[in-house]
Each structure stands twice: as structure tokens, then as C-alpha cells.
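Single-letter residue listing:
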Amino acid sequence: MTGPNDQNFSQAELDKFGALANRWWDPEGPQKPLHALNPARLGYVAERVALRGARVLDVGCGAGLLSEALASAGADVTALDLAPELIKVAKLHRLETGVQVEYREQSVESLAEQAPASFDAITCMEMLEHVPDPGSIIRACATLLKPGGRLFLSTLNRTPAAFALAVVGAEYVARLLPKGTHQYRDFIKPSELAAWLRAAGLQLEDVSGLMYEPWRNAARVIARTDVNYLACARKPEASGE
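Predicted model, so just to flag it, every value in this text is computed and none were measured. (Residues numbered from 1 in each chain as written. Predicted model: local features only at pLDDT ≥ 70, side-chain atom pairs only at ≥ 80, totals over all residues. Heavy atoms only, no water.)

Some remarks on the pairing of strand β2 (residues 76-80)
Here comes step 1: The element β2 is extensively covered by neighbouring structure, given that four of its five residues are classed as buried.
Here comes step 2: Here strand β1 (residues 55-59) pairs with β2 via five bridges, running parallel. For Val 56, the partnering residue across the bridge sits in β2 and is Val 77.
Here comes step 3: In this fold, the crossover linking β1 to β2 by way of helix α3 (residues 65-72) has right-handed handedness.
Here comes step 4: The pairing of β2 with strand β3 (residues 101-104) spans four bridges and is parallel. From the neighbouring strand, Val 77 faces β3, where its bridge partner is Val 101.
Here comes step 5: As for the winding sense of the linkage, the β-α-β connection from β2 through helix α4 (residues 84-97) to β3 is right-handed. (Buried < 20%, exposed > 50% of the residue type's maximum accessible area, 1.4 Å probe, protein only. Helix = DSSP H or I, 4+ residues; strand = E, 2+ residues; numbered from the N terminus. Pairing = 2+ DSSP bridges. Right-handed = clockwise from strand over helix to strand, strands pointing away.)

Structure, rendered in C-alpha cells:
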């Protein structure tokens, strides 16, 4: 399942995360912080969308942490990733848990060509900073949303605080993440994200911070957005609302 826009990825990034696939679901493994972020991310989405019975797309799903959580909350979930190792592990985990998610090794751009206006909500978490053209991802998500649907994003702000905590602290000092997980130059300011959302015809509704607290291995939504942050944007109704 490919399309003409399938080149919006970095093979090095896919290889890097694919190499972590076998321990993705290990809560004490390399993705330990992602496990901690998951309840906060799910809560942020669930506060803004009625998940039971909703059609939800998870873009850059990895091995399915958020995908399974969304499905367990009652959503009809389709999940995309371009790393074959991650999709394989996600499908194996689905067999173990019985949580139904449709996993696809496919780009969001090609799905947008096939199924416009198909989803009530789309999540794209911790992915935009890992692709060459984040704006292309957002445009495809806008196409895939039904009128009135919502797009949920999380990424890292390009600030000295984010460099100190997410790169130096998390990767080199505390060793919470594998070295090289993040490149500071690829972090995204909220103003840049807002511009891409406007260009895609989406209305930004909220930007909130997401704080990881390693001492309790948990995360919470906060007001400050200088490190990790979440955003919610809405596709206007067809009437131009």
C-alpha cells in the first residue's frame, strides 16, 4: 500500500525505532517514558472526543501503545506506521491482548488519497519531529478528518529547556532514552505548528504542556509548553463554521 507521497520519512529514523520493536511493550525497556506518557495522552484525547464508537486514526503508531489504549476506550482504531518491525510487534501484541486495532504499514499521505473525510479523530504523537516534512503529515490528517473532527498532536518545543531535559537529561544523564532518539534541530515551536495547522484549514483549539516526572514514572498535562506539548485542532464543519 504505497502512494506518490510515501517519501516523507527518514530511513535512519525508521531503522532506529524499528530496532527497539522487540522491547516496545516492556514498561522497563527503552520506551519506558512512552509508557508513562500514554495515560496522559489518552486522557487529553478522551476529554475532547467521545471515543466510544468513534473512528480514530493513530499516525506513527509504533508498536501500538496509544492505539490499544484508544481501542480499549471503545474507539474503532486504524493505526499506521512505516517501520515493518513495529507493525509486526503491534500485530503480535494484538494477538496476546485481543484488543482490536487495524494496523497498516502505510503512509498517512497515501491513506488520505484513499479515504478522505473518514475519521472522527486522529492522533499523531511524538512523530512530527522525526519526519522531513511535518506540514505534509498535517495536511494529510486534515484531509482524513470528517468535518468537525479533531487532530491531536504531541511533539517537543525547540527551546533551551527542551534541549536540556529531552536530549541531555533524558538521553545522556538519566539514560531514560537511547542516545540519538531526538535531534534538537527538528523540534517544533508551537507557532510553527499553528502555522501548519492554519495552512491545512484546521482551527487550533488548545496547546498544553506534557510533563514527564521520572521520579514517579508518570506524566501529567500542565500549562507550561517549553518542553513537551500537546495540541488539539478541529476541522471546521462544511458550512464554514
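Topic: helix α2 (residues 32-46)
Owing to its 3.6 residues per turn, the α-helix aligns residues three or four sequence positions apart on the same side.
Here comes step 1: With 15 residues, α2 should reach 21 Å at 1.5 Å per residue; the first-to-last C-alpha distance of 22 Å fits that figure.
Here comes step 2: A bend of about 35° at Asn 38 is the largest found in α2, and the proline Pro 39 appears one to four places after it.
Here comes step 3: Of all 15 residues in α2, eleven are buried, a share of seventy percent or more.
Here comes step 4: Every buried residue belonging to α2 is among Pro 33, Leu 34, His 35, Ala 36, Leu 37, Asn 38, Ala 40, Arg 41, Leu 42, Tyr 44 and Val 45, and all of these are buried.
Here comes step 5: As for α2, its buried residues are in contact with α3, β4 (119-125), β5 (145-156), β6 (203-213), β7 (218-222) and β8 (228-234). (Expected span 1.5 Å × (residues − 1). Bend = angle between axes of the 7 residues up to and from the residue. Contact = heavy atoms within 4.5 Å.)

What to know about the confidence of the model for the protein chain
Here comes step 1: Residues of the protein chain with pLDDT of at least 70 account for 88%, and the chain-wide mean is 88.
Here comes step 2: The low-confidence segment residues 1-5, where pLDDT is below 50, has ten contacts with residues more than four positions distant or belonging to other chains.
Here comes step 3: Overall, residues 171-175 carries pLDDT values under 50, and its contacts beyond four positions in sequence, including any with other chains, amount to 14 contacts. (pLDDT = per-residue confidence, 0-100.)

Comments concerning the packing of α2 against α3
Here comes step 1: Two numbers describe how α2 lies on α3: the axes approach to 10 Å, and their chain directions differ by 40°. Looking at the two axes, α2 sits oblique to α3. As for the relative orientation of α2 and α3, their crossing is right-handed in sense. Every residue of α3 that contacts α2 at Leu 34, His 35, Asn 38, Arg 41, Leu 42 and Val 45 is listed here: Leu 65, Leu 66, Ala 69 and Leu 70.
Here comes step 2: Partitioned by chemical class, the residues of the contact of α2 with α3 number seven nonpolar, two polar and one charged. (Axes fitted to C-alpha atoms, helices over the stretch in contact; angles between N-to-C directions. Parallel < 35°, antiparallel > 145°, perpendicular 65-115°, else oblique. Left-handed = near helix turned anticlockwise from the far one by under 90°. Nonpolar A, V, L, I, M, F, W, Y, C, P; charged D, E, K, R; others polar.)

Concerning the packing of helix α6 (residues 134-144) against helix α8 (residues 190-199)
Here comes step 1: Remark: α6 packs on α8, axes separated minimally by 9 Å, with the N-to-C direction vectors making an angle of 40°. One element, α6, and the other, α8, form an angle in the oblique class. Classified by chirality, the crossing of α8 by α6 is right-handed. Of α8, the residues touching α6 (which contributes Pro 134, Gly 135 and Ile 138) are Leu 193, Trp 196 and Leu 197.

Looking at the nonpolar core
Here comes step 1: Trp 24, Leu 51, Val 56, Leu 70 and Phe 152 are the most contacted members of the largest nonpolar core, which has 42 residues in total.
Here comes step 2: A total of seven residues in this core trace back to one element, the largest contributor, which is α2.
Here comes step 3: Discounting residues that sit within four places of it in the chain, Leu 70 has contacts with Leu 42, Val 45, Leu 51, Val 56, Ala 75, Val 77 and Thr 123.
Here comes step 4: Ala 112, Met 127, Cys 141 and Leu 144 belong to the second-largest nonpolar core, a separate cluster that totals 30 residues. (Core = buried A, V, L, I, M, F, W, Y, C linked by side-chain atoms within 4.5 Å.)

Focus: the sheet that holds β6
Here comes step 1: If you walk across this open sheet you meet the eight strands as β3-β2-β1-β4-β5-β8-β6-β7, and the pairing is mixed. Each having just a single partner strand, β3 and β7 make up the two edges of the open sheet. With strand direction ignored, the average angle separating the axes of adjacent strands in the sheet is 20°.
Here comes step 2: As defined by bridge partners, β6 adjoins β8 across six bridges and the pair is classed as antiparallel. Paired with Gln 203 across the two strands is Arg 234, which belongs to β8.
Here comes step 3: Helix-sheet contacts for α6 involve β1, β4 and β5, and the interaxial angle to β5 is about 150°.
Here comes step 4: Of the strands in this sheet, β5, β6 and β8 touch α8, which is tilted by about 20° from β8.

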